[in-house]
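# Commentary on secondary and tertiary structure
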Amino acid sequence: MSKQLHKDICDKSRFEVFFKQHAKSLYNFLYYKFGDRLNPEDKAQEAFIKLWENCKKVTPEKAKSYIFTIANNLMLNEAAHQKVVLKHQKTKTSHHTNLSPEFLMEEEEYRQKLEKSISKLTEAQRVAFLMNRVEGKRFKEIANLLGISTKAVEKRIYGALKKLRQDIEEL
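This one's a predicted model, so the numbers in the text were calculated from it and none came from an experiment.

Now for the nonpolar core. In summary, soluble globular proteins display a tendency toward joint burial of nonpolar side chains. Core analysis: the largest hydrophobic core is formed by 22 residues, its most contacted members being Ile9, Phe18, Leu26, Leu30, Phe48, Leu51 and Ile67. Every element with two or more residues in this core is listed here: helix 1 (12-34), helix 2 (40-53) and helix 3 (60-94). Among the elements that make up this core, the one with the highest residue count is helix 3 (seven residues). If sequence neighbours within four positions are ignored, isoleucine 9 has contacts with Arg14, Phe15, Phe18, Leu51, Trp52, Cys55, Val58 and Ala63.

Looking now at the state of the cysteines. Tallied over the entire structure, the rule returns one disulfide. Paired through a disulfide, cysteine 10 and cysteine 55 show a sulfur-sulfur distance of 1.9 Å. As the torsion about the S-S bond is roughly 100 degrees, the cysteine 10-cysteine 55 disulfide counts as right-handed. Taken together, the residues cysteine 10 in the segment before helix 1 and cysteine 55 in the loop between helix 2 and helix 3 connect sequence positions 45 residues apart. With respect to burial, cysteine 10 and cysteine 55 carry one shared label: buried.

As a further point, take the domain arrangement of the protein chain. The parts lose accessible area when they come together, and the size of an interface is often stated as this lost area. Split into domains, the protein chain comes out as domain 1 (12-78) and domain 2 (100-170). Just the C-alpha atoms count here: the centres of domain 1 and domain 2 sit 26 Å apart.

So, on to the confidence of the model for the protein chain. Residues at a pLDDT of 70 or more form 91% of the protein chain, whose mean pLDDT is 84. Across residues 1-5, confidence stays below pLDDT 50; counting only partners more than four residues off in sequence or on other chains, it has two contacts.

Along the chain, serine 117 falls in helix 4 (residues 101-120). In contact with serine 117, other than residues within four places in its own chain, are Leu164, Asp167 and Ile168.

Let us now look at the pattern of salt bridges. When charged atoms on two side chains of opposite charge get close, those side chains can pair. A full pass over the atoms with the stated rule returns six salt bridges. For lysine 43, the salt bridge goes to glutamate 78, with nearest N and O atoms at 4.0 Å. Pair noted here: lysine 43 is in helix 2 and glutamate 78 is in helix 3, with a separation of 35 residues, a long-range link. The buried category is assigned to lysine 43, whose relative accessible area is 9%. Take glutamate 78: its relative accessible area is 22%, and that puts it in the partly exposed class. Here lysine 137 and glutamate 135 are joined by a salt bridge, their closest N and O atoms 3.8 Å apart.

Parameters at a glance
- Residues numbered from 1 in each chain as written.
- Predicted model: local features only at pLDDT ≥ 70, side-chain atom pairs only at ≥ 80, totals over all residues.
- Heavy atoms only, no water.
- Core = buried A, V, L, I, M, F, W, Y, C linked by side-chain atoms within 4.5 Å.
- Buried < 20%, exposed > 50% of the residue type's maximum accessible area, 1.4 Å probe, protein only.
- Helix = DSSP H or I, 4+ residues; strand = E, 2+ residues; numbered from the N terminus.
- Contact = heavy atoms within 4.5 Å.
- Disulfide = S-S within 2.5 Å.
- Domains from an automatic or database assignment.
- pLDDT = per-residue confidence, 0-100.
- Salt bridge = Lys/Arg side-chain N within 4 Å of Asp/Glu carboxyl O.

This is the structure:
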């Protein structure tokens, strides 16, 4: 067994070599799994940026797994966000025919507050919350998908709800 000489991937030349080795395969993985609609190239870049920002914490042996996991999570978050946007657009067009302009303005302000508050949640809370509230998944399903306990899912969702209530008085 050879002893690992490097504890992290923070060396610029080591990082560049790593990027050149894995950027194309990461993009391909995201493209084949999610298609081109969610912009896999940007998510691959974001994953490498997160690796660089956390380079001291990631060993070279774990770096490939790290970027693939981060990129996959970024794509899942984007997909969940797009579902929210589409759902909102469908409801927006269907019931705005005879509503007052004041109500429509208040509704738009509320929607913006809600989206801003959801974006402030931690990634773990946001993913669990959106899977439950938007996709309609049960706690047990979410736990299986994320590989965590049901109690952890409950804690994430209740924490998200608590933060949302603090941010938005109308909730």
